[in-house]
Amino acid sequence: MFFLSKTFGIRESILFLRTSLPFSLLNLFFLSIFMFLGIYAKLGGGKRGYIINTLFSDFFSDTFPFYGLFTGISDFFWCVAVGICWFTYLFLRSHKVRSIYKRFILSSAILLTIFLADDLFRLTLILKVFLSVPKLISYLTYGISVVAYGWIYRKILLSTPYILLLIALVLLIISGISDVAKLPGKGTPALLEDGTKMLAILNVCIYYWGICEQTLFRVMYPKSEHRLSTGKKA
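Residues numbered from 1 in each chain as written. Predicted model: local features only at pLDDT ≥ 70, side-chain atom pairs only at ≥ 80, totals over all residues. Heavy atoms only, no water.

In the predicted model, the protein chain carries a mean pLDDT of 80, and 76% of its residues have values of at least 70. Of the regions scoring below 50 in pLDDT, residues 1-6 engages in 33 contacts with residues more than four places distant in sequence or in other chains. Contacts for the low-pLDDT stretch residues 226-234, under 50 throughout, to residues beyond four places or in other chains number 23 contacts. (pLDDT = per-residue confidence, 0-100. Contact = heavy atoms within 4.5 Å.)

If you want it as structure tokens, here you go:
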């Protein structure tokens, strides 16, 4: 198979995280920035908290060019993950690959596209404002979709570095709880809600980038062993 040929246990997952340069550097980079911003806000009071909040806002201001900086970065990571999945699925359609793997990539692409659409067009907020659908209901719906996705494709997911998705899921739960809880202040709530969401999206992007890269490589070069593989040859 063109996915990792053995189940990823705790040991393999930790080894992957230790040896994955994109995971280590990107997560450490953004985590350091968010920690610095959190300390900056705590030491400076409300005004600094407002400045941090603007970094996660959705509008542009000529007097504050970094308005919405991290929101834009999050959307970029979403788009990369979505684009990779759709490209991989369309590529696999013209090759003799087991249908379960094609459905896995297609389901991943659809699920990520829905999340991207919600993030770009604020679907959860629109449902709340115009249809009085509580955000909690929307988050639970997304949660059920993710659980169903994980259950249906559990065997495939267990043959990949799924710990990245678990990390992303925990971060998204923290983000959702922070949004629903309506924490007081500006800086800290923004970091807990939007900062954790950005880190989650980053790890989702790294995950799908890795498995799609490996998939494409093994389809094009079936007799070669991919450098990321930890199992037997395909």
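This next bit is on the pattern of salt bridges. Counted by the stated rule, this structure contains three salt bridges. Arginine 122 serves as the salt-bridge partner of aspartate 119, at 3.9 Å between the closest nitrogen and oxygen. Using a relative accessible area of 8% as the deciding quantity, one classes aspartate 119 as buried. Note that aspartate 119 is salt-bridged to lysine 197, the shortest N-O span being 2.8 Å. Highlighted residues: aspartate 119 in helix H5 (residues 99-121) and lysine 197 in helix H10 (residues 187-220), separated in sequence by 78 residues. (Salt bridge = Lys/Arg side-chain N within 4 Å of Asp/Glu carboxyl O. Buried < 20%, exposed > 50% of the residue type's maximum accessible area, 1.4 Å probe, protein only. Helix = DSSP H or I, 4+ residues; strand = E, 2+ residues; numbered from the N terminus.)

Moving on, we get to unusual backbone geometry. Positioned with a positive phi, arginine 122 is a non-glycine residue whose angle comes to about 55°. Inspection of the secondary structure assignment puts arginine 122 in the loop between H5 and helix H6 (123-131). Even without a glycine there, the phi angle at serine 132 is positive, about 60°. Locating serine 132 in the fold gives a position in the loop between H6 and helix H7 (135-152). Here serine 132 falls in the exposed class, since its relative accessible area comes to 60%.

Before going further, it helps to spend a moment on the nonpolar core. Counting residues in hydrophobic clusters, the biggest one holds 49 residues, and the most contacted among them are Phe34, Phe104, Leu112, Tyr207 and Tyr208. Listing elements by their share of this core, those giving two or more residues are helix H2 (21-44), helix H4 (69-93), H5, H7, helix H8 (154-157), helix H9 (163-181) and H10. Among the elements that line this core, the one with the most residues is H10, at 15 residues. Other than its neighbours up to four places away in sequence, leucine 112 contacts Trp78, Ala81, Val82, Cys85, Val204 and Tyr208. (Core = buried A, V, L, I, M, F, W, Y, C linked by side-chain atoms within 4.5 Å.)

Attention now goes to the packing of H6 against H7. Angle between the axes and distance between the axes: these two values describe a pair of packed helices. As a packed pair, H6 and H7 sit with axes 9 Å apart at the nearest point and diverge in direction by 140°. In terms of orientation, H6 and H7 fall into the oblique class. Considering how the two elements wind past one another, H6 and H7 form a crossing that is right-handed. In this structure, H6 uses Thr124, Leu125, Leu127 and Lys128 to contact H7, whose residues at the interface are Lys135, Ser138 and Tyr142. Here the contact of H6 with H7 is built from residues that sort into three nonpolar, two polar and two charged. (Axes fitted to C-alpha atoms, helices over the stretch in contact; angles between N-to-C directions. Parallel < 35°, antiparallel > 145°, perpendicular 65-115°, else oblique. Left-handed = near helix turned anticlockwise from the far one by under 90°. Nonpolar A, V, L, I, M, F, W, Y, C, P; charged D, E, K, R; others polar.)

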